[in-house]
Amino acid sequence: MLSAVWMVLVLAAAYPLTDGLLRRSPHPVDPWLRLALVPGLSLGVLTLLMFWLGLPQIPFTFLNITIPYGIVMGVGGWFWWRAPKTRAIASELDDRTRQSTFARPSLAQLILWLIPLLIVAAVLFNAIYWPFYLEDAVGIYADRADFMYRSGGLVPLRDYPYYGYYQTYPMLIPMSYTYAYFASGWHNEYLAKALSAVLSLSCLPAVMSLGSAIGGRRLGWLALLLLAITPAFGRWASSGYVDLPMACFYILAALFCWRLWQRSNPTDAILLGLSIGFAAWTKNAALPGIGLIGLWLFYAVLMKHVGWRDGLLALIACLLVAAPWYIRNWIEVQMLVPNTVWVDQAQRTLANLVPFLTRLDNFALTGIVITLGLFLEAVDFLRGGWREGRSAVLLILTVPYLVVWWAFVSYDPRFLLLFLPILIVLGAKQTLRIADSLPPRIHQKIRPLALAGIVVLALYVAWISVAYKDEILRDPLMSDAAKRAIVLPQLPDQSNQR
């Protein structure tokens, strides 16, 4: 319990730095953005410090990691203290809504608030109840964390050929697990798993903030609800995998792209660079995203919406975060990323050209919204929307990824999670446009049906977010050993690889 409290304090320590940065931006402070950015900055800074400690072989210990982190966040606190305190809070509420802010909410409003809370509760429960049990979480991420905890240093690249150089995978998540072990004083997989779940769940406020910036609070709420009721989100948020944590940083990068387009400034440029840099420090699949961010910056500079100095500052911040890890891998084993993409298994079919529509078991209603939104947004883009930054941000950062997925990794829909939230914002944007064009009487008929559908999907996602429900009901207070006996036999025997 004390270790859990400590990790909450570690995460919260990034609040002053986050708030100080956001208050120095010319944009109003968005509480949802602050909520999404705090976990990412805290774990990003913490794990980068561990990497830099590991390079000169300074041993990983609780104090050796915590003290430098405390110093950095102390400087962040000073930075926050010096930041302007009068920045307005972002709000898209009209005057009538402002007057009713403290009025009693309607039943529909309460339900819409409870839906994301229900999903968050289900995901966190599954994260802290079961140890790692999915194959890559056990064999790659938790395994790297265990090695660094026991050895007190980085995983060497040359001494473990049976890994196929999986140890060149970025280390934000494994190092977060390692610190959780140090904070606990034991191999506490429950606390470790909760950290990746928190980063995954940060996609919800991040997509809310992106949607609000793109089209107002109504769009933000719709995007948040669509992500929350996506079955694939519920299944993978507590898995211990790195896809949704990377997606969180990628959403933030998209958001800061749009903020720069609206008003070029060095603060948002730095936050853009940090976001995409931390995405690449989380999963090497973010490397194409760096190229897409560079392409977007080039386009934005040409359109004279972003100053070239701010564009350069964003790229420098990204390189300072992400480049050292990949340079180290190249120097030691001449490898940037391992050859672990099974391109020969890609399923380049017509059905996979519209995966969000043909894989409804993963995406449900959200997949239909995304497919329709992609088509309509592309039409708008070709009709002149390319001059307007919203379409450029949403399409440039997602469509190339979708093409790459279809060509190389379409054997696994899980990889679509990396850019799914940005596509959700795109789909929600077009859905609201269609809804606003309908007559009021049709609105009145559709609204209760839509609410009922969202509730049903939310209950379904909450249900599938918790694994081994029958076993929990039979023995809710089972021991760690009993839990491992349930979840681990399903994994293939990897002893011959060791």
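Refer to the preceding data block for the structure.
Remember, it's a predicted structure, so these values are computed and weren't measured experimentally.

J.: Teacher, can you tell me more about helix α22 (residues 440–464) here?
T.: Side chains that are three or four residues apart share a direction in an α-helix, a result of its 3.6 residues per turn. Over its 25 residues, α22 runs 36 Å from end to end, which matches the ideal 36 Å to within 8%, given 1.5 Å per residue. By the largest-angle criterion, I446 marks the main kink of α22, which is about 30°, and a proline, P448, follows within four residues. For α22, the complete set of buried residues consists of I454, L457, A458, V461, A462 and I464. The elements touched by buried residues of α22 are α6 (107–129), α11 (217–228), α12 (231–236), α18 (360–382) and α23 (469–474).

J.: How do you make sense of the side chain of N329 when you look at a structure like this?
T.: Relative to the helices and strands, N329 is located in helix α16 (residues 308–333). Ignoring any residue separated from it by four or fewer positions in sequence, one finds N329 in contact with L157, T168, Q334, M335 and L336.

J.: Help me understand the layout of surface pockets in this model?
T.: Picture a little ball the size of a water molecule; that probe, rolled over the atoms, points out where space is still empty. If you add up the space inside the second largest pocket, you get close to 720 Å³. Taken together, 30 residues make up the lining of the second largest pocket; nearest its centre are N284, A285, V341, V409 and F415. At the level of elements, α7 (135–151), α15 (287–302) and α20 (399–408) are the ones that each hand at least two residues to the lining of the second largest pocket. The dominant element in the lining of the second largest pocket, judged by the number of residues it contributes, is α20, at 4 residues. Split into classes, the residues belonging to the lining of the second largest pocket amount to 22 nonpolar, 4 polar and 4 charged.

J.: Help me understand the pattern of salt bridges, please; the structure alone is not making it clear to me.
T.: Between side chains of opposite charge, a pair can form when the charged atoms approach closely. Applying the stated criterion across every chain yields a total of 16 salt bridges. With a shortest N-O distance of 3.4 Å, R414 and D412 are connected by a salt bridge. Across this residue pair, the class does not change: R414 and D412 are buried. One salt-bridge network, in which partners are shared between bridges, spans D243, K283, D412 and R414.

J.: Even after reading the chapter, I still don't get the side chain of R359, so can you show me in this structure?
T.: Within the secondary structure, R359 is located in the loop between α17 (355–358) and α18. Of the side chains with opposite charge, D361 comes closest to the buried, unpaired R359, at an N-O distance of 6.3 Å. In this structure R359 touches Q347, N352, W405, S410 and P413, once residues within four positions along its chain are discounted.

Conventions we followed
- Residues numbered from 1 in each chain as written.
- Predicted model: local features only at pLDDT ≥ 70, side-chain atom pairs only at ≥ 80, totals over all residues.
- Heavy atoms only, no water.
- Helix = DSSP H or I, 4+ residues; strand = E, 2+ residues; numbered from the N terminus.
- Expected span 1.5 Å × (residues − 1).
- Bend = angle between axes of the 7 residues up to and from the residue.
- Buried < 20%, exposed > 50% of the residue type's maximum accessible area, 1.4 Å probe, protein only.
- Contact = heavy atoms within 4.5 Å.
- 1 Å grid on protein atoms, 1.4 Å probe; cavity = no way out; pocket = protein on both sides within 12 Å on 5 of 7 lines; lining within 4 Å.
- Points joined across faces, edges and corners; volume = space filled by probe spheres on them.
- Nonpolar A, V, L, I, M, F, W, Y, C, P; charged D, E, K, R; others polar.
- Salt bridge = Lys/Arg side-chain N within 4 Å of Asp/Glu carboxyl O.
- Lys, Arg positive; Asp, Glu negative; His and termini not counted.

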